[in-house]
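Residue-level structural notes
Below are the chains, spelled out letter by letter.
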Amino acid sequence: MSMHAGVVRSFDRSPRYETFDEPDPIGPDQVVVEVLAAGLHPRVRSGASGRHYTSTGSLPMIPGIDGVGRLPDGGKVYFAVDDDTWGSMAERAVVDLRRTVPLPEQADAVKVAAAMNPAMSSWVALRRRVHLEPGQSVLILGATGNAGSMAVQVAKRLGAGPVIGAGRDPQRLAGLAAVGADEVVAITGDGSETAQRLADAAAEVEVVVDYLWGEPASAAMVALLKARADRSRALDWIQIGAVAGPTITLPSVALRSANLRIQGSGQGAVSPAGYRAELPSLVEEIDSGTITVNARAVPLAHVEATWDAPENSGVRTVFTP
Ligand SMILES: NC(=O)c1ccc[n+]([C@@H]2O[C@H](COP(=O)([O-])OP(=O)(O)OC[C@H]3O[C@@H](n4cnc5c(N)ncnc54)[C@H](OP(=O)(O)O)[C@@H]3O)[C@@H](O)[C@H]2O)c1
């Protein structure tokens, strides 16, 4: 049987809407779902370009790491898949039932498909890696994207005290107060001014959730540590995204002169079982509306043109087959 899908045939070309062989389930835990919605997350783009660290390099492939679908028995589910060959940007996908979460029939498929990946980044980090304690203060570095603005809300939902959002887009930065940020810091082209603003606003935070990495994260680390009243008080820095660069420069003294604890959160840092355990509670949060989701639905038939068009990074594109 064949189906329509977004198909990548070369890592330097956008996926095209084509017919493709439908995958067959293998073993008792696998079934075919009718895909209702699949989000175009940054991770999906890096998989489709062969650049993600989990990429096997094999082609052709269908991008898409998750989505909302309908099971053969009619149930609606959120599902996660691997994009090594058959991802979720297709009319149908094979899913492992152990990687699905049941959804209420009235759940908004586009909203859930848009939100799970970005929201999961902070939800899992703050529950499985850093274990945020009630009242702890948090800096979100890169708070203006989908994952960053959800991290503000997730931190508050998990009991954080003051939450400070830092980012470079002034309009979306201003909008963060409406989703719970107590303070915002502008990241501008002037590094020393930015460092001073971060030091003034966030020197005493307990946790940093970092979507930027690169030069802005290096500068922020040094600025925060220098301004800290008691440098032996732990600062948990949790690395999640690298939109500003894949590497940082960190003076060794930063690690000797302060209690800086750097770790990451993502596939590999957290076990598949750890992710599975967190998904149902996050689905509930999203479905019940505690996390604001900005999504736009686009027919999958428009995958190629949409892929190449400039993105409004405050809104997550979701393909509907
Ligand atoms: N580890 C995990 O579990 C996990 C899970 C989900 C996502 N992620 C990662 O988290 C990151 C963000 O994901 P997302 O879904 O939020 O993406 P997104 O919605 O596209 O947002 C990216 C944000 O980064 C900002 N940005 C880009 N370059 C910047 C720079 N040099 N300095 C400051 N801000 C910059 C953009 O702001 P402008 O509008 O100013 O460009 C935008 O607001 C990605 O790297 C993604 O792969 C990790």
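Fair warning: this is a prediction, and the values are worked out from it, not measured in the lab.

**Points about the nonpolar core**
Ranked by size, the top nonpolar core spans 49 residues in total, and within it Tyr 78, Met 116, Val 138, Ile 140, Val 209 and Ile 286 carry the most contacts. Looking at this core, the elements that each hand over two or more residues are β7 (100–103), α2 (109–129), β8 (138–141), α3 (146–157), β11 (207–210) and α8 (272–287). Broken down by element, this core gets its largest block of residues, 13 residues, from α2. With residues up to four places along the chain from it excluded, the contact list for Val 138 reads Leu 132, Ala 155, Ala 160, Pro 162, Val 163, Ile 164, Val 205, Val 207 and Val 209. Core analysis: the second largest hydrophobic core is formed by 28 residues, Val 8, Phe 20, Ala 48 and Ile 65 among them.

**A few points about helix α6 (residues 214–227)**
Relative to the 20 Å expected for 14 residues at 1.5 Å per residue, α6 spans 21 Å between its end C-alpha atoms, a close match to the ideal helical length. Of all the positions in α6, only Gly 214, Ala 217, Ser 218, Ala 220, Met 221, Ala 223, Leu 224 and Leu 225 are classed as buried. At its buried positions, α6 is contacted by β8, α5 (191–202), β11, β12 (235–239), α7 (252–256) and β13 (260–264).

**As for the site of the ligand**
Around the ligand lies a shell of 21 residues, among which Asn 146, Ala 147, Arg 168, Arg 172 and Ser 265 are the nearest. A distance of 3.1 Å separates a nitrogen atom of the ligand from a polar backbone atom of Ile 240. Between a nitrogen atom of the ligand and a main-chain N or O atom of Ser 265, the distance comes to 2.8 Å. Look at the ligand: alone it shows 930 Å² of surface, and the protein chains cover 80% of it. Contributions of two or more residues to the shell around the ligand are made by α2 and α3.

**Some details on the pattern of salt bridges**
Taken as a whole, this structure holds 18 salt bridges when the rule is applied. A salt bridge links Glu 278 to Arg 127, with the nearest nitrogen and oxygen atoms 2.6 Å apart. One end of the pair, Glu 278, is in helix α8; the other, Arg 127, is in helix α2, and 151 residues separate them in sequence. With its nearest N and O atoms 2.8 Å apart, the salt bridge here joins Arg 233 to Glu 204. Within this pair, whereas Arg 233 is found in the loop between α6 and β12, its partner Glu 204 is found in the loop between α5 and β11, the two being separated by 29 residues in sequence. Of the residues examined, Arg 233 reaches a relative accessible area of 26% and is grouped as partly exposed.

Cut-offs applied
- Residues numbered from 1 in each chain as written.
- Predicted model: local features only at pLDDT ≥ 70, side-chain atom pairs only at ≥ 80, totals over all residues.
- Heavy atoms only, no water.
- Core = buried A, V, L, I, M, F, W, Y, C linked by side-chain atoms within 4.5 Å.
- Buried < 20%, exposed > 50% of the residue type's maximum accessible area, 1.4 Å probe, protein only.
- Helix = DSSP H or I, 4+ residues; strand = E, 2+ residues; numbered from the N terminus.
- Contact = heavy atoms within 4.5 Å.
- Expected span 1.5 Å × (residues − 1).
- Near = heavy atom within 4 Å.
- Polar contact = N/O pair within 3.5 Å; in protein donor to acceptor, adjacent residues only side chain to side chain.
- Areas by Shrake-Rupley, 256 points an atom, 1.4 Å probe, with all protein chains shown as cover.
- Salt bridge = Lys/Arg side-chain N within 4 Å of Asp/Glu carboxyl O.

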